[in-house]
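# Descriptive structure summary
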Amino acid sequence: MSVAVLSVFNLSKSYNIHQVFEGVTFSVNAGERVALVGPNGAGKSTLLRIIAGQEMPTSGSVIKARGARVVYVPQEAASALGDATRQPAPAGPEAAPAFSPDDTLYRSMLDAGGPLRAMQARLRDLESRMAHVEDYPDRWEQLMKEYEEVTHRFELAGGYEMDHRIEQVLSGLGFNRDQFDQPLNTLSGGQRTRAALARALIADPDILLLDEPTNHLDVEAIEWLEGFLLQWKGTLLVIAHDRRFLNRVTTRTLDMEFTRPRAFTWYSKGGELREGGEIQAFSRLQDYPAPYDRYLELKAERYDRLLEEYEAQQETISRTWDFIRRYKEGQKKRQAFGRLKRLRRQHNEGLLEPPAERAQMRMTLRAHVRSGRSVFEAEDLVIGYRAAAGGDVVVLARCPDLEIERGERVALIGPNGAGKTTLLKTIMGEVPPLAGHIEVGHNVRIGYYSQTHEGLNADHTVLEEVRSVRNMTEGAARDLLAKMLFTGDSVFKKVADLSGGERSRVALAKLMLTDANFLMLDEPTNHLDLDSQEVLTGVLSAYDGTILFVSHDRAFIDDLATQVWSLEGGRLMVWYGNYSDYVAEKARLQQLERQGAQVDGAGRHERGRSGAHIKADTREQSKTARRQERAAERQRQKLEKRRQEAEARVSELEARLNAISDALTAATQARDLDEIVRLGTEYTRLEAELDRAYDEWQQVEEQISGPAPDHLMAGPDTQS
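One structure accompanies this document, and this report is about it.

Bringing the overall build of the chain into the picture now. When helices and strands are counted, the chain shows 21 helices and 21 strands. A burial count over the chain gives 42% of its 720 residues as buried. Taking the intrachain contacts of the chain between residues at least 6 apart in sequence as the baseline, contacts between residues at least 24 apart amount to 69%. Within the structure as shown, the chain displays about 38,400 Å² of accessible surface, and the carbon and sulfur contribution to it stands at 49%.

Here it is in structure tokens:
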């Protein structure tokens, strides 16, 4: 039988007159993994803080199971690492130890296991006492009995595996061993947030509350966290904007959805309809027993059902009013009056509201200027930085010859600190390359989106920030911001006071005004809610320019990328296709390497050590062959793309020539001399352009299939 470890009853929260959410009720059983989703501003983080005891609700209550330990990790846990991940423990020997941000990363993890550390300290104390009681056998037995009990509890709690657990968690979340002894106050904000997450996992609480845990993790760390949480036996309540993470980890979805703002009206006893002002939108919670993708299906079914019920009620009301108007002065006057009273009572008690649709961003992105075919090229590129003025050079990655053609969408992935942002800034010219040559193509206009929103002025209002990009009227700026869900007085909020999701929407609004044809996006989905991510994915998929983007969102990369550039071990590798293609190809190559290693092992057993140099040559030849195979495949795909473009160009020109030919016929019949001359000139120009397009198509065909035989290329007069 499942036991509830967390129960929330009729919870409401408001700030002054602003209602955040109302009537939130749910319970979570031991071992459940629950997702909390909803649009930015719906109150998800506020709800977690109330459950964690860091905020008080306006009304309602939160009840946790007796003795349950709760750990909460907020979105940005960097500023108060100790407070963010430690909740008060029961008094006594297992109370959580004090935490100092001056501690090293590793020691702070030791402190995370408060009860274990307390038991370990008790064991050391008992050992010291037992060393001095050899003359008191009665005392010895008492100490020995307690020592055995504490040792048993320590072992059951995994105390002897603590060091291994710490190393496993820190390594899984992307820390290398060189950072274990680094003081916490020297870590970056993102690293401290990851350290806070590590402390939470090591603490092994009964209830774990995570707010956007994937924001500062690379793809490898996200996949490790998924595996960890799937094996973990505790109870999880998580806010996340990573669809694949939610689908894999959670089994239930709590949806914080906005109500529809509406006018409050009621009928007086005298039958007069009165107005009581406007009821503002606030959040309510809906419970769906399914992971994220299935939740979307259930939510759509619920919307259709509620809409059907609402429309049926409206139809009944309409028919009732028709009856009242028709018979209020006739023989059925009493029936009409009775129905009117029932309608008024239903109105006052509350009629069904139409189901609210979530407001969505209405972004548009266009490349107003067409760039050249080659948007970016690099040869022998080495990226990195100089540690300080006159200091050592730090090489982050060496890159093969790179090229991005117009219309491509390239995903850049790799572990934190591998150099992804540095590569973007090197291409933009903000960081000089350590070696190699970079060339940005003809007519290329770069638009940059920073994951830290460093381009935003914190002192500006939202309205001022958007108008700083382009000279525009307040009305035009408001129209643009309304598309990004900033309406009413929200356009006067200071950028410094915005949430992460709101800052992201402001940065995207500014990007819409740049008219760029080469977008460079650094973690564009961070902080955006899932609905906004869906909109952004659709807009970028339809974008007619070129995109190079950094992301750790695997679903986003799958939906968007035509290439994947992975930074691995100080080198950049180019893979064609999306993220799933990258994973499949990487697995295929690893399988081939394993098979090759097995063959080499069998050969060594058969031939002995005298053939070692032959096997080494064979392995090198195999690697060379694979490199050549991949290079040939890349070249083939490029040629195939050029052929498709050439064929499309030929078809377009032929269609235009046919249209002009029809227009010439019409002009000739109408004897419009000026139009005949104009169309004839245009026809001649297009014919020449079509000849050039055919030549280009033929060149590509020859590169793909080889040149055609001479007897096929010769005209009829030269063949005999």
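Past the structure itself, the notes keep going.
This part covers the pattern of salt bridges. Per the stated rule, a full pass over the model turns up 35 salt bridges. With its nearest N and O atoms 3.0 Å apart, the salt bridge here joins glutamate 32 to arginine 252. Note that glutamate 32 is positioned in the loop between strand S2 (18–29) and strand S3 (33–37) and arginine 252 in strand S8 (residues 252–258), a separation of 220 residues in sequence. When sorted by exposure, glutamate 32 lands in the same class as arginine 252, which is buried. Lysine 493 is paired through a salt bridge with glutamate 502; the nearest N and O atoms lie 3.2 Å apart. On the accessibility criterion, lysine 493 (31% relative accessible area) is partly exposed. When its relative accessible area of 17% is taken as the criterion, glutamate 502 is described as buried. Beyond isolated ion pairs, a larger network of salt bridges with shared partners links Arg649, Glu652, Arg656, Glu682, Arg685 and Glu689.

This part covers the packing of helix H3 (residues 105–112) against helix H7 (residues 189–203). Where H3 meets H7, the closest approach of the two axes is 8 Å, and the angle between their N-to-C directions is 35°. You can see that H3 and H7 cross each other, and the crossing is right-handed. Facing Leu105, Ser108, Met109, Asp111 and Ala112 of H3, the residues of H7 in contact are Ala195, Ala198, Arg199, Ile202 and Ala203. Each residue belonging to the contact of H3 with H7 can be placed in one class, and the counts come to seven nonpolar, one polar and two charged.

Another aspect to go through is the packing of aromatic side chains. The description of an aromatic ring pair uses the distance of the two centres, along with the angle that the planes make with each other. Per the stated rule, a full pass over the model turns up seven aromatic pairs. Plain terms: the ring middles of tyrosine 292 and tyrosine 295 are 5.4 Å apart, the flat faces sit at 50° to each other, and that makes the pair tilted. You can see tyrosine 292 and its partner tyrosine 295 sitting in helix H10 (residues 292–327), three residues apart, about one turn around the helix. Taking the centre distance of 5.4 Å and the plane angle of 80° together, the rings of phenylalanine 549 and phenylalanine 556 count as edge-to-face. Comparing phenylalanine 549 with phenylalanine 556 shows no difference in burial state: the two are buried. Taken together, the aromatic side chains of Tyr288, Tyr292 and Tyr295 make up a single cluster linked through ring pairs. The cationic tip of arginine 194 hangs over the ring face of phenylalanine 175; the distance from NZ or CZ to the ring centre is 4.6 Å. One residue, arginine 505, lies across the ring of phenylalanine 486, its end atom 4.7 Å from the ring centre.

Looking now at unusual backbone geometry. Although it is not a glycine, glutamate 523 adopts a positive phi angle of roughly 55°. You can see glutamate 523 is positioned in the loop between strand S18 (518–522) and helix H16 (530–542). Relative accessible area serves as the criterion here: at 8%, glutamate 523 is assigned to the buried category. The phi torsion at arginine 671 lies on the positive side, around 55°, for a residue other than glycine. By the secondary structure assignment, arginine 671 is in the loop between helix H19 (612–670) and helix H20 (673–705).

Definitions and cut-offs
Residues numbered from 1 in each chain as written. Predicted model: local features only at pLDDT ≥ 70, side-chain atom pairs only at ≥ 80, totals over all residues. Heavy atoms only, no water. Helix = DSSP H or I, 4+ residues; strand = E, 2+ residues; numbered from the N terminus. Buried < 20%, exposed > 50% of the residue type's maximum accessible area, 1.4 Å probe, protein only. Contact = heavy atoms within 4.5 Å. Areas by Shrake-Rupley, 256 points an atom, 1.4 Å probe, with all protein chains shown as cover. Salt bridge = Lys/Arg side-chain N within 4 Å of Asp/Glu carboxyl O. Axes fitted to C-alpha atoms, helices over the stretch in contact; angles between N-to-C directions. Left-handed = near helix turned anticlockwise from the far one by under 90°. Nonpolar A, V, L, I, M, F, W, Y, C, P; charged D, E, K, R; others polar. Phe/Tyr/Trp six-rings, centres within 6.5 Å; stacked < 30°, edge-to-face > 60°. Lys NZ or Arg CZ within 6 Å of the ring centre and 35° of its normal.

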